[in-house]
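Structural overview
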Amino acid sequence: MLLHDDRLLPAEPVTRGIARRLYAGIRDLPIISPHGHTDPRWFAEDKPFPDPATLFVKPDHYIFRMLYSQGIRLEQLGIARKDGGEVETDPRKIWKLFASNWHLFRGTPTRLWFEHAAWTIFGITERLSAESADRIYDRIAERLEQDEFRPRALFERFNIEAIATTEGALDPLKWHDMIRDSGWGGKVVTAYRPDSVVDPEFEGFKGNLEQFGELTGEDVGSWNGYLEAHRKRRAYFIERGATSSDHGHATARTADLTAAECEKLFAKIQKGKFSAEDADVFRGQMLTEMAKMSLDDGLVLQIHPGSHRNHNPYLFEQFGRDMGADIPRGMDYVSALKPLLDAVGNERNLTVIAFTLDETVYSRELAPLAGHYPALKLGPGWWFLDAPEAMLRFRELTTETAGFYNTVGFNDDTRAYLSIPARHDVARRCDCAYLAKLVAEHRLDEEEAAEVAHDLAYRLAKEAYRL
C-alpha cells in the first residue's frame, strides 16, 4: 500500500509536470481548518485515543453508512443506541468487521483519506483486509499509547495553524475554557450553531428555548428578548474564539419580515401552533437576523442547506442524529437568498458563505450570486461533494463566473481527526491539477497559478474566516 507521489495529478505528462511543481510549492503549508466537527474534549484533556476502532470507525459516518448499506448493523460497529441497548464493545471485533469489508471503499474518497493516514501517521505499508486486520490493529494500538500520538502532539505534527469545532447554542463550552486555561498554544476555536433553538421542528425545541432563556437571563417568550438571547450567546462564543456561526437548515430560504410580522410569527412558534410553512419562514427569518447580528459582532455566517437530514426514520429513532442518513436534494438559491441579500448583500464588512449539496446550481445560481454580491462567498464542496471528481467539477463550474477570489479555499468539515491532513492534501492536489490545465492551455502563467494555489490552500480560508 504505497501512496503514489502523483496521485490525483493529471495523467497527461506535460500537465502533470506543471501540477507537480505547483503542488510542491504548497504541500507543506500550514492547515487552516475553519469548519469541522472534531471534539474539543480531545484537545482539552489530551488523553490517548483509546483504540483504532474508536478512532477511525465509530466517529466517521462516511465509513459506517457504507457498511450499513451492505447490511451491517450499527450495533455491530459499536454505535451507541439511544435506549442504551446492547452493542458490540470489543474494538478488535469492530475493526475486523471493518477490515473484512474494506473492498467496499474502492474508488471512494474514504479510501484515499484512510490510506493516507495509515501510511503517513502510522507507517503502515500493507492494505487493510481480513488477513491484515490484526497486524494493522496492533500497530496502530501500539502507537496510540505513545505521547506523540496524543491529540495535541498530532495537532502540531499535522501543522494545523487553526481549527474550528462546532457547538450548539446551549453548549457551556467547558472544553474550550479548559483549552484556553491550559496554556497550550494550539488554536482551537468554536463556532456558533444555534439550530436547536432556531428550528421549531428540532426535537425538544420548547425545552431548548427554556434552557436558552435560563442561560442568558432573557425573556425568550418575547421576540426582542429572544433576539437578545442570541446576541448574548454569540458574545459568549466570541469570547471563546468563535469567528463564525453555522446553520444547517433544510433549505436556503431566507425572509425579511417587518417587526410586527416577526412578533406574530414568533408567538405562533412559542405556542407550538405552527405549520411546516411557518417553521420554514421562521428559519429563513432567523438567517437574516443572524446576518444582521454579524454586521455588529463580526461573525462569519455559514449556511449549510440542501440535506434531507435523518432521512431514515428507523436510524433516527434508534440512534439519533448524524447516523449517515443525510441525503442531498435539489435546491433553489436565487429566490431563496434574495430577502437576505436585499437586506445585507451589499455590505462589504459582512461575509456570508453559502454551501450546497446540489451541483446543478453551481454555474446557474451560486457562482453568479457570489460573483456579484460583496457579502456573499461560495463555500467548497462538502458532504458528498468532497470527492476528487466533485472538487474538479466545483472549479470548472464556478471559476468562469465567480473566479477564485469569491470562494473561500477549503474546509474539511469532518469528525474524523486523523483524516484532516489527508483531506487537505486531496484538495491541494485537485486544485493544482485544475490550475495546471489552465497553465497548459495558456490561460494562466505558471507564476500566477502558483499564487492562486497558495491562496486556495491557505490564505483565502484564513482571511474569509478571520483566523
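A brief report on the enclosed structure follows.

**Observations concerning the overall build of the protein chain**
- Secondary structure assignment for the protein chain yields 20 helices and eleven strands.
- At 22 Å, the protein chain has a C-alpha radius of gyration in line with the 23 Å of a compact globule built from 467 residues.
- Taken along the three principal axes of its C-alpha coordinates, the protein chain extends 65 × 60 × 45 Å.
- For the protein chain, with 467 residues in total, the buried portion stands at 57%.

**A look at the packing of helix α17 (residues 362-370) against helix α18 (residues 388-402)**
- Where α17 meets α18, the closest approach of the two axes is 8 Å, and the angle between their N-to-C directions is 45°. By the angle between their directions, the pair α17 and α18 is classed as oblique. At the point where α17 passes α18, the crossing takes the right-handed sense. Only F394, L397, T398, T401 and A402 of α18 make contact with α17, whose side of the interface consists of Y362, S363, A367 and P368.
- Classifying every residue of the contact of α17 with α18 gives six nonpolar, three polar and no charged.

**Topic: the environment of V334**
- Checked against the element boundaries, V334 lands in the loop between β9 (327-328) and α16 (338-344).
- Sequence separation of V334 and F355 is 21 residues, and the distance between their C-alpha atoms is 13 Å.
- Ignoring any residue separated from it by four or fewer positions in sequence, one finds V334 in contact with E365 and L369.

**Remarks on the pattern of salt bridges**
- Considering all chains together, one arrives at 48 salt bridges under this definition.
- In this structure, R111 and E115 form a salt bridge, with 3.5 Å as the shortest nitrogen-oxygen distance. One end of the pair, R111, and the other, E115, are both in helix α6 (residues 109-122), four residues apart, so they sit about a helical turn from each other.
- The class of R111 is partly exposed, set by a relative accessible area of 21%.
- Residues R309 and D326 are paired through a salt bridge, measuring 3.4 Å at the closest nitrogen-oxygen approach. Residue R309 is found in the loop between β8 (307-308) and α15 (313-319), and its partner D326 is found in the loop between α15 and β9; the two are separated by 17 residues along the sequence.
- For R309, a relative accessible area of 23% gives the class partly exposed.
- Among the charged side chains, a network of salt bridges with common partners joins D199, E201, R253, E277, D280 and R283.

**Considering the sheet that holds strand β1 (residues 31-33)**
- The three strands lie next to each other as β1-β2-β4, forming an open sheet whose pairing is parallel. The strands lining the two open edges of the sheet, one partner per strand, are β1 and β4 (188-189).
- Each of β1 and β2 (160-164) touches helix α19 (residues 420-440); the most contacted strand, β1, lies at about 105° to it.

Parameters and conventions
- Residues numbered from 1 in each chain as written.
- Predicted model: local features only at pLDDT ≥ 70, side-chain atom pairs only at ≥ 80, totals over all residues.
- Heavy atoms only, no water.
- Helix = DSSP H or I, 4+ residues; strand = E, 2+ residues; numbered from the N terminus.
- Rg over C-alpha atoms; globule rule 2.2 N^0.38 Å.
- Buried < 20%, exposed > 50% of the residue type's maximum accessible area, 1.4 Å probe, protein only.
- Axes fitted to C-alpha atoms, helices over the stretch in contact; angles between N-to-C directions.
- Parallel < 35°, antiparallel > 145°, perpendicular 65-115°, else oblique.
- Left-handed = near helix turned anticlockwise from the far one by under 90°.
- Contact = heavy atoms within 4.5 Å.
- Nonpolar A, V, L, I, M, F, W, Y, C, P; charged D, E, K, R; others polar.
- Salt bridge = Lys/Arg side-chain N within 4 Å of Asp/Glu carboxyl O.
- Pairing = 2+ DSSP bridges.

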